[in-house]
Amino acid sequence: MRNVTLILDDGSRFHGKSFGYEKPVAGEVVFNTAMTGYPESLTDPSYAGQLMTLTYPLVGNYGVPPFTFEANGLPTFMESEKIHAEAIIVSDYSEKYSHWNAVESLADWLKREQVPGITGIDTRELTKVLREHGVMMGKIVFDDEPDNIPEAAYAGVNYVDKVSCKEVIRYNEGEGKKKVVLVDCGVKSNIIRCLLKRDVEIIRVPWNYDFNSLQFDGLFISNGPGDPDTCDAAVQNIRKAMQNEKLPIFGICMGNQLLSKAGGAKIYKLKYGHRSHNQPVRMVGTERCFITSQNHGYAVDNNTLGADWEPLFINMNDGSNEGIRHKKNPWFSAQFHPEAASGPTDTEFLFDEFVKLL
Ligand SMILES: NC(=O)CC[C@H](N)C(=O)O
């Protein structure tokens, strides 16, 4: 195992060992406090451009499931067709794995997909640094090589364009009861599975595709990586769709941010984001609290929601926006992940709410 150093933009250094693919890499260093779910998180397109730190210390002990695909083209166990995170940073990589569904080790998977993984890092200390300072750019360099890796950029880069589908993909064609246009900003497979389970036909379109001339019953806006302010083409198309006040619209994560922007609201960057399985959100106007799975670095500014909109969910830790709804029209969205994968499934009912509106 070669020695590596993680260098943060503020000069902090963390020394560890490489267990994945051996290449230097740079990106935004973020932390995720979930105890499980590395196959789902690594393949979540929303992690593009990021070095994913896991605070749970023991990682790799349940291996990696097979990368098989269903007849409709969706991966059976993963959230997309490949790893999207730039690297994974762990405290104690477990070389041995055991799980009924595992076919290989995390190290072998990372090597095959050419993604670095580093172990021996005090990820709790690293997380304290990120919590104090806020997320930072950083790089992983090999101690026996010159450090000549170019700086990476994150803010202002359109990562959605890198991960969105390039052409229209149809699911359940001619079979579902209702048709949903899904704007693919980097959609997780389980969102598509959750919709297909509810008997809808899906027309999955690239993030900047003008879908308004298609025939459909509802609009869904997906999760996706990076800065929502780089996705104006999607916002314009959503605005056009909103001319039909009866059209049901539902968005998740990036979808919450883009729907908010289409409604005139502003987005800001959180200090260190929400990435975990245990984020409590309260449904506004009720005493109901849900434990949710989250992965986002930006948030909607509640104070900028137009008069026709209101917050739908509020984060109980920091009071930030976790969803919006329109006061009259069937338009709503969640900042968290009702499809889970991984994490708690308590809010999957939001898909039922959307499908009922179609
Ligand atoms: N998972 C997502 O859709 C994340 C949305 C956006 N990229 C953010 O970090 O806030």
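Residues numbered from 1 in each chain as written. Predicted model: local features only at pLDDT ≥ 70, side-chain atom pairs only at ≥ 80, totals over all residues. Heavy atoms only, no water.

1. Some thoughts on the overall build of the protein
Then step 1. Assigned secondary structure in the protein consists of 8 helices and 19 strands.
Then step 2. Over its C-alpha atoms the protein spans a radius of gyration of 20 Å, differing by no more than 12% from the 21 Å that the globule rule assigns to 358 residues.
Then step 3. Principal axes of the C-alpha set define a box for the protein whose edges measure 60 × 45 × 40 Å.
Then step 4. Burial analysis of the protein (358 residues in total) assigns 59% to the buried set.
Then step 5. Long-range contacts, defined here as pairs at least 24 residues apart, represent 73% of the contacts in the protein between residues at least 6 apart. (Helix = DSSP H or I, 4+ residues; strand = E, 2+ residues; numbered from the N terminus. Rg over C-alpha atoms; globule rule 2.2 N^0.38 Å. Buried < 20%, exposed > 50% of the residue type's maximum accessible area, 1.4 Å probe, protein only. Contact = heavy atoms within 4.5 Å.)

2. Re the pattern of salt bridges
Then step 1. Enumeration according to the criterion identifies 19 salt bridges in this entry.
Then step 2. Across the salt bridge formed by Asp210 and Lys240, the nearest N and O atoms sit 2.5 Å from each other. Taken together, the residues span a long stretch of sequence, with Asp210 in the loop between β12 (200-206) and β13 (218-221) and Lys240 in helix α6 (residues 232-241) at a distance of 30 residues.
Then step 3. Connected through shared salt-bridge partners, Arg2, Glu22, Asp144 and Glu145 make up one network. (Salt bridge = Lys/Arg side-chain N within 4 Å of Asp/Glu carboxyl O.)

3. Describing the environment of Lys197
Then step 1. As for its placement among the helices and strands, Lys197 is situated in the loop between α5 (189-196) and β12.
Then step 2. On the basis of relative accessibility, which here comes to 61%, the residue Lys197 falls in the exposed class.

4. As for the side chain of His337
Then step 1. Turning to its location among the elements, His337 is positioned in the loop between β19 (331-334) and α8 (349-357).
Then step 2. Judged by its relative accessible area of 1%, His337 is buried.
Then step 3. Setting aside residues up to four positions removed in sequence, His337 forms contacts with Lys188, Asn223, Ile252, Cys253, Ser293, Gln294, Asn295 and Thr347.

5. A few points about the sheet that holds strand β3 (residues 25-32)
Then step 1. The strand order around the closed barrel built from 7 strands is β1-β2-β8-β6-β4-β3-β9, with neighbouring strands paired in mixed fashion. Across the sheet, the mean angle from the axis of one strand to that of its neighbour is 35 degrees, orientation sign disregarded.
Then step 2. By the bridge criterion, 5 bridges tie strand β1 (residues 3-8) to strand β9 (residues 136-142) in an arrangement that is antiparallel. Residue Val4 lies in a different strand from β9, and its bridge partner there is Phe142.
Then step 3. The strands touched by helix α3 (residues 123-133) within the sheet are β1, β2 (13-18), β3, β4 (50-54), β6 (87-89) and β9, with β3 carrying the most contacts at an inclination of about 95 degrees. (Pairing = 2+ DSSP bridges. Axes fitted to C-alpha atoms, helices over the stretch in contact; angles between N-to-C directions.)

6. Quick word on the site of the ligand
Then step 1. Close to the ligand lie 13 residues; Gly224, Gly226, Asn295, Gly297 and Tyr298 are nearest.
Then step 2. Contacts to the ligand include Gly226, whose backbone N or O atom sits 2.7 Å from a nitrogen atom.
Then step 3. Considered on its own, the ligand offers 290 Å² of accessible surface; in the complex 99% of this is hidden by protein.
Then step 4. Counting only elements with at least two residues in the shell around the ligand, the list comes to α7 (254-262) and β16 (289-300).
Then step 5. Top element by residues in the shell around the ligand is β16. It accounts for 4 residues. (Near = heavy atom within 4 Å. Polar contact = N/O pair within 3.5 Å; in protein donor to acceptor, adjacent residues only side chain to side chain. Areas by Shrake-Rupley, 256 points an atom, 1.4 Å probe, with all protein chains shown as cover.)

7. Some details on the UniProt feature "domain: Carbamoyl-phosphate synthase small subunit N-terminal" (unreviewed entry) in the protein
Then step 1. Taking the numbering used here, the UniProt-annotated feature "domain: Carbamoyl-phosphate synthase small subunit N-terminal" (unreviewed entry) corresponds to residues 2-141.
Then step 2. Counting secondary structure, residues 2-141 comes out at 16% helix and 29% strand; the distance between its end C-alpha atoms is 10 Å. (UniProt positions renumbered as here; feature names shortened; annotations may be inferred.)

8. Some details on the packing of α6 against α7
The packing of two helices is summarised by the inter-axis angle and the distance between the axes.
Then step 1. Following both chains from N to C, one finds α6 and α7 inclined at 65 degrees, their axes separated by 9 Å at the closest point. Seen along the crossing, α6 lies across α7 with a hand that is right-handed. Packed against α6, whose contacting residues are Asp232, Ala234, Val235, Ile238 and Arg239, the element α7 presents Leu258, Leu259, Lys261 and Ala262 at the interface.
Then step 2. Its residues assigned to classes, the contact of α6 with α7 shows 6 nonpolar, no polar and 3 charged. (Left-handed = near helix turned anticlockwise from the far one by under 90°. Nonpolar A, V, L, I, M, F, W, Y, C, P; charged D, E, K, R; others polar.)

9. Structural notes on the environment of His133
Then step 1. You can see His133 is positioned in helix α3.
Then step 2. Taking the C-alpha atoms as reference points, His133 and Tyr272, separated by 139 residues in sequence, lie 8.4 Å from one another.
Then step 3. Among residues more than four places away in sequence, those in contact with His133 are Asp10 and Lys271.

10. As for the UniProt feature "binding site: L-glutamine" (unreviewed entry) in the protein
Then step 1. Under the local residue numbering, the UniProt record ascribes the feature "binding site: L-glutamine" (unreviewed entry) to Ser46, Gly224, Gly226, Met254, Gln257, Asn295, Gly297 and Tyr298. For the residues just named, distributed over 253 residues, the greatest C-alpha separation is only 13.3 Å, placing them together at one site.
Then step 2. Among the secondary structure elements, Ser46 is positioned in the loop between α1 (38-42) and β4.
Then step 3. Residue contacts for Ser46: discarding those within four places in its chain leaves Asn223, Gly224, Pro225 and Asn295.
Then step 4. Residue class for Asn295 comes out buried when judged on its relative accessible area of 6%.
Then step 5. Residues contacting Asn295, with those up to four places away along its chain left out, are Asp44, Ser46, Tyr47, Cys253, His274, Arg275 and His337.
Then step 6. At 3.1 Å, the side chain of Asn295 and the side chain of Asp44 are in polar contact.

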